[in-house]
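Summary of structural features
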Amino acid sequence: MPTTLTVNRRVVEVEAAPDTPLLYVLMNDLELQGPRFGCGLAQCGSCSVLVDGVETRSCVTPLERVAGKSITTLEGLSAWYAQQKKLATAPDLHPLQQAVIDEQAIQCGYCYNGLIVKGAELLSQNAQPTDQQIRTAMNGHLCRCGTYPRMMKAIQRAARTMAGGAA
Ligand code: FES
Ligand code: FES
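From a predicted model like this one, the values you see are computed outputs, not experimental measurements. (Residues numbered from 1 in each chain as written. Chains lettered and ligands numbered in written order. Predicted model: local features only at pLDDT ≥ 70, side-chain atom pairs only at ≥ 80, totals over all residues. Heavy atoms only, no water.)

Another point: the overall build of the protein. Broken down by element type, the protein carries six helices and five strands. Tracing the protein from N to C terminus, the helices and strands come up as β-β-α-β-β-β-α-α-α-α-α. For the protein, the spread of C-alpha atoms along the principal axes amounts to about 50 × 40 × 25 Å. Buried positions account for 47% of the 167 residues belonging to the protein. Pairs at least 24 residues apart make up 57% of the contacts formed inside the protein by residues separated by at least 6 positions. For the protein, the accessible area works out to roughly 8500 Å², and carbon and sulfur atoms hold 50% of it. Across the protein, 15 positive and 14 negative side-chain charges occur, with their mean positions spaced 10 Å apart. (Helix = DSSP H or I, 4+ residues; strand = E, 2+ residues; numbered from the N terminus. Buried < 20%, exposed > 50% of the residue type's maximum accessible area, 1.4 Å probe, protein only. Contact = heavy atoms within 4.5 Å. Areas by Shrake-Rupley, 256 points an atom, 1.4 Å probe, with all protein chains shown as cover. Lys, Arg positive; Asp, Glu negative; His and termini not counted. Charge placed at Lys NZ, Arg CZ, Asp CG, Glu CD.)

Take a look at the structure:
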């Protein structure tokens, strides 16, 4: 029996065992390239997606747990943002994705799916996070390249952009 869920605002039916990790469904069945397999143990955050707006480690989330829910991956982040902000059209990129580019924050990029998804969740809950609040939010996301200071700047830049100020 297929499992129905919404992924990036598209209703999909997935033929997979109920205990299949959501990450496998996103990567293998739906061929999305945003979520990444890192540790497979909920330790690194590279597989993070939003489930009904809440950052979730898809590598340890069984498909049956997200039946009927709304999943947003990196690919759907700008549309999710536009929906939240009630914008007529979605920007090409979520402001945090743009800020990551502007700050040249990325090195190898492997961790950045998760960092951006988590940062977008933070900014949706707290439009002007303090440095400490950013550190706390990003605490569970590992970056082997050590780009944390640049990610901090990117989140700060995105917060300014979203507030309507100069980047
Ligand atoms: S791959 Fe899911 S937390 Fe590392
Ligand atoms: S940019 Fe390389 S692991 Fe984070």
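Structure's up, so let's keep going.
Turning next to helix H5 (residues 131-138). It helps to recall that an α-helix has 3.6 residues per turn; residues three or four apart then point in one direction. Taken as a whole, H5 has its buried residues at Ile-134, Ala-137 and Met-138. One face of H5 carries all of its buried residues, which in axial projection span an arc of 90°. Tucked into the core, H5 has its buried residues touching helix H4 (112-125) and helix H6 (148-162). (Arc of directions from axis to C-beta.)

A few words on a nonpolar patch on the surface. A grouping of Tyr-24, Met-27, Phe-37 and Tyr-110 is seen on the molecular surface, where their side chains present a nonpolar patch of about 340 Å² in accessible area. One can find Tyr-24 in helix H1 (residues 22-29). Taking relative accessible area as the criterion, Tyr-24 reaches 38% and is therefore assigned partly exposed. (Patch = residues over 30% accessible without salt bridge, like charges linked within 9 Å, V, L, I, M, F, W, Y side chains within 5 Å. Salt bridge = Lys/Arg side-chain N within 4 Å of Asp/Glu carboxyl O.)

With that out of the way, let us pick up the nonpolar core. Ranked by internal contacts, the top residues of the largest apolar core, which has 25 residues, are Leu-96, Val-100, Tyr-112, Ile-116, Met-138, Met-151 and Ile-155. Where this core is concerned, the elements lending two or more residues are helix H2 (77-85), helix H3 (95-102), H4, H5 and H6. Of all the elements, H4 adds the most residues to this core, at seven residues. Non-local contacts of Tyr-112, meaning those with residues more than four positions away in its chain, are made with Val-100, Ala-105, Ile-106, Thr-147 and Met-151. (Core = buried A, V, L, I, M, F, W, Y, C linked by side-chain atoms within 4.5 Å.)

Taken domain by domain, the protein consists of domain 1 (3-75) and domain 2 (76-162). Each of domain 1 and domain 2 has a C-alpha centre, and the two are 19 Å apart. The closest approach of N and O atoms between Glu-55 and Lys-118, which form a salt bridge, is 3.5 Å. Put simply, domain 1 and domain 2 have 14 residue pairs in polar contact (both at pLDDT 80 or more) between them. Broken down by secondary-structure element, the contributors of at least two residues to the side of domain 1 that touches domain 2 are strand E3 (48-51) and strand E4 (54-57). Taken together, the residues of the side of domain 1 that touches domain 2 sort by class into eight nonpolar, ten polar and five charged. (Domains from an automatic or database assignment. Polar contact = N/O pair within 3.5 Å; in protein donor to acceptor, adjacent residues only side chain to side chain. Nonpolar A, V, L, I, M, F, W, Y, C, P; charged D, E, K, R; others polar.)

If you check H6, its first and last C-alpha atoms are 21 Å apart, about what 15 residues at 1.5 Å a residue would give, namely 21 Å. All buried positions along H6 are accounted for by Met-151, Met-152, Ala-154, Ile-155, Arg-157, Ala-158 and Ala-159. Gly-164 occupies a position one or two residues after H6 and carries a positive phi of about 90°. (Expected span 1.5 Å × (residues − 1).)

Within a sheet, each strand pairs with its neighbour through backbone hydrogen bonds, oriented either parallel or antiparallel. The five strands lie next to each other as E2-E1-E5-E3-E4, forming an open sheet whose pairing is mixed. Each edge of the open sheet is held by one strand with a lone partner, namely strand E2 (10-14) and E4. When strand polarity is set aside, the average angle formed by the axes of neighbouring strands in this sheet is 40°. (Pairing = 2+ DSSP bridges. Axes fitted to C-alpha atoms, helices over the stretch in contact; angles between N-to-C directions.)

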